[in-house]
Amino acid sequence: MADLSSNFVGIKSPNPFWLASAPPTDKEYNVRRAFQAGWGGVVWKTLGAEGPPVVNVNGPRYGVIHGADRRVLGINNIELITDRPLEVNLREIKAVKRDYPDRALVISLMVPCDEDSWRTILKQIEDTGADGVELNFGCPHGMSERGMGSAVGQVPEYIEMVTRWVKQYSRMPCIVKLTPNITDVRKPAEAAKRGGADAVSLINTINSITSVDLDLFAPEPTIDGKGAHGGYCGPAVKPIALNMVAEIARSVETRGLPISGIGGVTTWRDAAEFMALGAGNVQVCTAAMTYGFKVVQEMITGLHDYLDSHDMALSDLIGRAVPNVTDWNQLNLNYVTKAVIDQDLCIKCGRCYAACEDTSHQAIAMKPGRVFEVIEEECVACNLCLDVCPVENCITMRELAPGELDKRTGLRRSDYANWTTHPNNPMAKAAE
Amino acid sequence: MIQAKLTPGVVPGRLTPEDYVRNFADVAPPLDPHEARVAADRCYFCHDAPCITACPTAIDIPLFIRQIATGTPDAAAMTIFHANILGGMCARVCPTENLCEGACVRMDAEGKPVEIGALQRYATDGMLDAPHPFKRGAPTGNRVAVVGAGPAGLSAAHRLAAKGHDVVIFEAREKPGGLNEYGIASYKTVDGFAQAEVDWLMGIGGIELREGQRLGQQITLDALRGKFDAVFLGMGLGGVNALRAAGEDRDHVTDAVSFIRDLRQSTDLSTLPIGRDVVVIGGGMTAVDAAVQARLLGAETVTIVYRRGQDRMGASLHEQAHATSSGVRIIHNAAPVAVHGNGAVAEIEFAYLTDGPHGLTPTGERFRLKADQVFRAIGQRLDGAPEDIALDGGKIAVSDAGRTSLDGVWAGGDCATGGDDLTVTAVAQGRDAAEDIHRRLDAKN
């Protein structure tokens, strides 16, 4: 069996599955249940500065996007950081860490942007025996209106400044949690690195309105007839998160900076994808909020099986797909494929035909008896037919062999060439 | 008084009151909104969908299912009603596994079709409690006579009324609905649904219903042709085929359609007599409806005997499975040759047959079944067709959207040639004839 134990910036955990800072990690009771269920680590729900705790709304905190059969695809929340007294949280953290020394316990922090506030809380965290801190520069609602959370994460200079304080006043590993509500995620990541961060974690939630009540004409979740934007998470945000993780993993400036991957991790496969794109571990929230803590058991067995079947160690997986993430202009324009429909698997629904005929390249013929055939002369290999086909593997893409004629262009498949040397590119460099 | 289940002979009250209620409850209870959403989500929204082609009324099934999936079941109902005004009844009685659901591409994919019938019921049920949604067109001044208030006649009448024509329906029986009211197992259409649907349909206005008017008795085709601008004949099949077996005049040998009719019209099922050992002759839906309901009334043994093989049975596989799971035994390849008994039937004798290139031939082997009640369900025929109208195979010959050999006379439903004898086919034929009548009258005006 593959060894799943993880060492993320010096923080050890029996597996790379951590619970993200969020409602499931707000207190001792939940965190103990999580560790009992098998989670490798927990990022404790964000603590604020000493004093009267924040308050939450007393109406709905969540909005949801459902798929078929009310499958939860995405959740939006307007909950703030912990609304429990700091000293209670600190006491509980200490108690849990004492009982679970083998698990990772990282504390998420969000205090005002002044040196004293950070110095004070870091000392208090160190006293608990926690393994590290995560700086919450990501929450997009509520706290950001008070100059914290994503209000910090959207200004690289602030990120660098606060990170520097944290590294100055604490020996603990420091993870900077980034907001996706920016135009280029590499800039805040670079700032964190400059400030001395040991790692970044991303993504925090995305500014969102889940839906609109068409009778009240109010955004949902609705509080007394009004709604404020919340933070979106869950399976729906995974593609956005994967891209942001990859951007940081492959950027020259941030390459090698450890990443904790967050955003819609629901299964072992999601976790493996994040890790292949450079994440050293993953953090999970929505899957646990939807199904309970037990989901980690599937993640553990699934990742075991995958690594064993590929004869890989966990460290072999991390970053393995990064070299294959490139810019569009590096893609091989001489790579040609054509859709192929397996007539034995085809159930004759005609979705490929409708999609291609109405919205694409008229490259599928509908013949008597509802026989659907690809017209290679028209097929640009866009893949849409395969995407909309309800039968797995019924439509596949066949790669043309070198020298084989592309019936659409009349050209034979030739060697690799990309846009940078293409004759239609006014900026093209002459081919060697 | 309660008779013991094993009391010999044809007696009422074999069951407890609770048993009657339970046995004759809705055989396929409606989907709740969540079930409907889940079922609707399975539809692939096929291009040029095979289910539409398979529906005699060509309902745009993918569209109405998508309307359910998006939370607009009333819009779904209108999609259905535009094609099939009796979509509520068809949702209950269509042999969907032979029609839309049989054509569903999910049959190829996984052998489990989208539940089109159940979804159609979900959509239409909500609309039938609302005011009638169709409006009549501007009055044309034309008057059209419709003979028979069954599915064909009602469908024709509604479409004609919608076009602005005034319609008079002449119905032989005391209630409208035809086979919907008199000829279908009661567990398929509970709580007076057939009459409720007719009432709702009549809500369009412009349709006058005259009951107790039988063609050839109270009314004649000649008179109707004289008084009306067009006539639509949809009187169904009134006659029942005979067994042609010796002794079939013995007591308790009756028509399945009469049994089904009496059961449907009964207000107290415990007063309906039923045999302890019941035999039903035939292989269609009527045979199954009679056999299953005989079991539900408390018959100890019920046997369907059909003269051909299972693959030739008119009843769908779903219906056959329903019969056997209700405790009905089905014997194939046998036909009755004699009904034995002293006054009333006591036994019925069958000959085994082979179905070869030269038709059905006896194998020489015979057997007897104990029977104190026998139902004939071997098909119906047209009784009292107007004299001068052309027939084909015993039915009114029609071509081109129900045109008969007589000018100004259309026909549809079971009494006319073409299509299977199904409610949904009758609805399609009535609708199409109405459109043709409308075109003709429009051209005249």
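Here the structure is a predicted model, which means the values were calculated and not measured.

### Regarding the overall build of chain A
Looking only at helices and strands, chain A features 13 helices and 22 strands. Radius of gyration (C-alpha) of chain A: 25 Å, near the 22 Å computed for a compact globule of 432 residues. When its C-alpha atoms are laid out on the principal axes, chain A stretches across 75 × 60 × 50 Å. In chain A, which comprises 432 residues, the proportion classed as buried is 51%. Within chain A, contacts between residues at least 6 apart in sequence are counted, and of these 69% link residues at least 24 apart. Carbon together with sulfur atoms contributes 52% to the accessible area of chain A, which is approximately 20,100 Å² in total. Across chain A, the 43 positively charged side chains and the 53 negatively charged ones have centroids separated by 2 Å.

### Remarks on the domain arrangement of chain A
Structurally, chain A comprises domain 1 (6–324) and domain 2 (328–421). Taken over C-alpha atoms, the centre of domain 1 of chain A sits 40 Å from the centre of domain 2 of chain A.

### Considerations on the pattern of salt bridges
Residues and elements named next belong to chain A. Counted according to the given criterion, the structure contains 55 salt bridges over all chains. Measuring nitrogen to oxygen at the nearest pair gives 2.7 Å for the salt bridge that ties Asp198 to Lys167. Taken as a pair, Asp198 in the loop between α6 (186–195) and β10 (199–202) and Lys167 in helix α5 (residues 156–169) lie far apart in primary sequence, 31 residues in all. What you see here is one network of salt bridges that share partners, running through Glu28, Arg32, Arg98 and Asp99.

### Focus: the sheet that holds strand β9 (residues 328–331) of chain B
Residue and element names in this part refer to chain B. An order of β6-β13-β7-β8-β9 is seen for the 5 strands of this open sheet, with the pairing classed as parallel. Each having just a single partner strand, β6 (253–255) and β9 make up the two edges of the open sheet. Each neighbouring strand pair of the sheet contributes to a mean axis angle of 25°, computed without reference to strand direction. Bridge count for strand β7 (residues 277–281) against strand β13 (residues 373–376) is 4 bridges, and the pairing is parallel. Counterpart to Val279 in the pairing with β13 is Val374. Contacts from helix α14 (residues 256–265) reach β6 and β13, with the element oriented near 70° to β6.

### Examining unusual backbone geometry
Residue and element names in this part refer to chain A. Following Leu202, the chain continues into Ile203 via a peptide bond in cis, with omega recorded as 10°. By secondary structure assignment, the location of Ile203 is in the loop between β10 and β11 (206–208). Of note, the bond from Glu220 into Pro221 is cis; its omega dihedral lies within 30 degrees of zero at 0°. Position of Pro221 relative to the elements: it lies in the loop between β13 (218–220) and β14 (230–233). Even without being a glycine, Val9 presents a positive backbone phi close to 45°. Although it is not a glycine, Asn393 sits at a positive phi angle of roughly 65°. Position of Asn393 relative to the elements: it lies in the loop between α13 (384–388) and β20 (395–399). Note on Asn393: relative accessible area 54%, which makes it exposed.

### Section: the interface of chain A and chain B
Residue-level contacts link 14 residues of chain A with 13 residues of chain B. Approximately 1,000 Å² of surface area, both sides summed, lies buried where chain A meets chain B, with 63% of it carried by carbon and sulfur atoms. It is Asp69, Ile347 and Arg370 of chain A that lose the most area in chain A upon contact with chain B, and together they represent 42% of the buried surface on that side. Where chain A packs against chain B, one counts 0 salt bridges. Seen at the junction of chain A and chain B, the total is 5 residue pairs in polar contact (both at pLDDT 80 or more). A per-element tally of the side of chain A that touches chain B places helix α12 (residues 351–359) of chain A first, with 3 residues.

### Thoughts on the packing of aromatic side chains
Evaluated as defined, the whole model comprises 10 aromatic pairs over all chains. Considering the side-chain rings of Phe8 of chain A and Trp18 of chain A, the 5.9 Å spacing of their centres and the 85° angle between planes classify their relative orientation as edge-to-face. You can see Phe8 of chain A sitting in strand β1 (residues 6–8) and its partner Trp18 of chain A sitting in strand β3 (residues 17–19), a full 10 residues away along the chain. Here the two residues Phe8 of chain A and Trp18 of chain A agree in accessibility, since each one is buried. Pairing Tyr352 of chain B with Phe367 of chain B gives two aromatic rings, centres 4.8 Å apart and planes at 35°, and the pair type is tilted. With a gap of 15 residues between them, Tyr352 of chain B in strand β11 (residues 347–356) and Phe367 of chain B in strand β12 (residues 359–370) connect regions that are remote in the sequence.

### Notes on the environment of Ala434 of chain B
Tracing the sequence through the fold places Ala434 of chain B in helix α17 (residues 423–444). Excluding its chain neighbours within four sequence positions, the residues that come into contact with Ala434 of chain B are Ala156, Arg159 and Leu160 of chain B.

### Considerations on a nonpolar patch on the surface
On the surface, Ile209, Val212, Leu214 and Phe217 of chain A cluster together to form a nonpolar patch covering roughly 470 Å² of accessible area. Residue position: Val212 of chain A is located in strand β12 (residues 211–213).

### Points about the sheet that holds β14 of chain A
All names here are of chain A. Pairing within the open sheet is antiparallel, and its 4 strands lie in the order β5-β6-β14-β11. Each of the sheet's edge strands pairs with one partner strand only, and the pair in question is β5 (62–66) and β11. On average, each strand axis in the sheet is tilted by 35° relative to the strand beside it, whichever way the strands run.

### Here's the deal with the packing of helix α1 (residues 28–37) of chain A against helix α2 (residues 86–99) of chain A
Residues and elements named next belong to chain A. One way to put it is that α1 packs onto α2 with a least axis distance of 10 Å and a crossing angle of 20°. Here α2 runs roughly parallel to α1, going by the angle between their axes. As α1 runs across α2, the sense of the crossing is right-handed. Every residue of α2 that contacts α1 at Glu28, Val31, Arg32 and Phe35 is listed here: Glu92, Ala95, Val96 and Asp99. In terms of residue class, the contact of α1 with α2 is built from 4 nonpolar, no polar and 4 charged.

### Focus: the state of the cysteines
Residue and element names in this part refer to chain B. Counted under the stated rule, the structure contains 0 disulfides over all chains. Cys90 takes part in no disulfide bond, and the closest cysteine sulfur, belonging to Cys94, lies 4.4 Å away. No disulfide involves Cys100; its nearest neighbouring cysteine sulfur is the one of Cys55, lying 6.5 Å away.

### A word on a negative patch on the surface
Residue and element names in this part refer to chain A. Taken together, the side chains of Asp305, Asp308, Asp311 and Asp316 present a region of like negative charge at the surface. Inspection of the secondary structure puts Asp316 in helix α11 (residues 314–317). The exposure class of Asp316 is partly exposed, given its relative accessible area of 37%.

### Let's talk about the side chain of His158 of chain B
All names here are of chain B. Inspection of the secondary structure puts His158 in helix α10 (residues 151–162). Taking the relative accessible area as the measure of exposure, His158 reaches 4% and is therefore buried. The contacts of His158, once residues within four sequence positions are left out, are Ile85, His132, Phe134, Leu201, Ile204 and Ile207.

Reading the values: the criteria
Residues numbered from 1 in each chain as written. Chains lettered and ligands numbered in written order. Predicted model: local features only at pLDDT ≥ 70, side-chain atom pairs only at ≥ 80, totals over all residues. Heavy atoms only, no water. Helix = DSSP H or I, 4+ residues; strand = E, 2+ residues; numbered from the N terminus. Rg over C-alpha atoms; globule rule 2.2 N^0.38 Å. Buried < 20%, exposed > 50% of the residue type's maximum accessible area, 1.4 Å probe, protein only. Contact = heavy atoms within 4.5 Å. Areas by Shrake-Rupley, 256 points an atom, 1.4 Å probe, with all protein chains shown as cover. Lys, Arg positive; Asp, Glu negative; His and termini not counted. Charge placed at Lys NZ, Arg CZ, Asp CG, Glu CD. Domains from an automatic or database assignment. Salt bridge = Lys/Arg side-chain N within 4 Å of Asp/Glu carboxyl O. Pairing = 2+ DSSP bridges. Axes fitted to C-alpha atoms, helices over the stretch in contact; angles between N-to-C directions. Buried area = accessible area lost by both parts, 1.4 Å probe. Polar contact = N/O pair within 3.5 Å; in protein donor to acceptor, adjacent residues only side chain to side chain. Phe/Tyr/Trp six-rings, centres within 6.5 Å; stacked < 30°, edge-to-face > 60°. Patch = residues over 30% accessible without salt bridge, like charges linked within 9 Å, V, L, I, M, F, W, Y side chains within 5 Å. Parallel < 35°, antiparallel > 145°, perpendicular 65-115°, else oblique. Left-handed = near helix turned anticlockwise from the far one by under 90°. Nonpolar A, V, L, I, M, F, W, Y, C, P; charged D, E, K, R; others polar. Disulfide = S-S within 2.5 Å.

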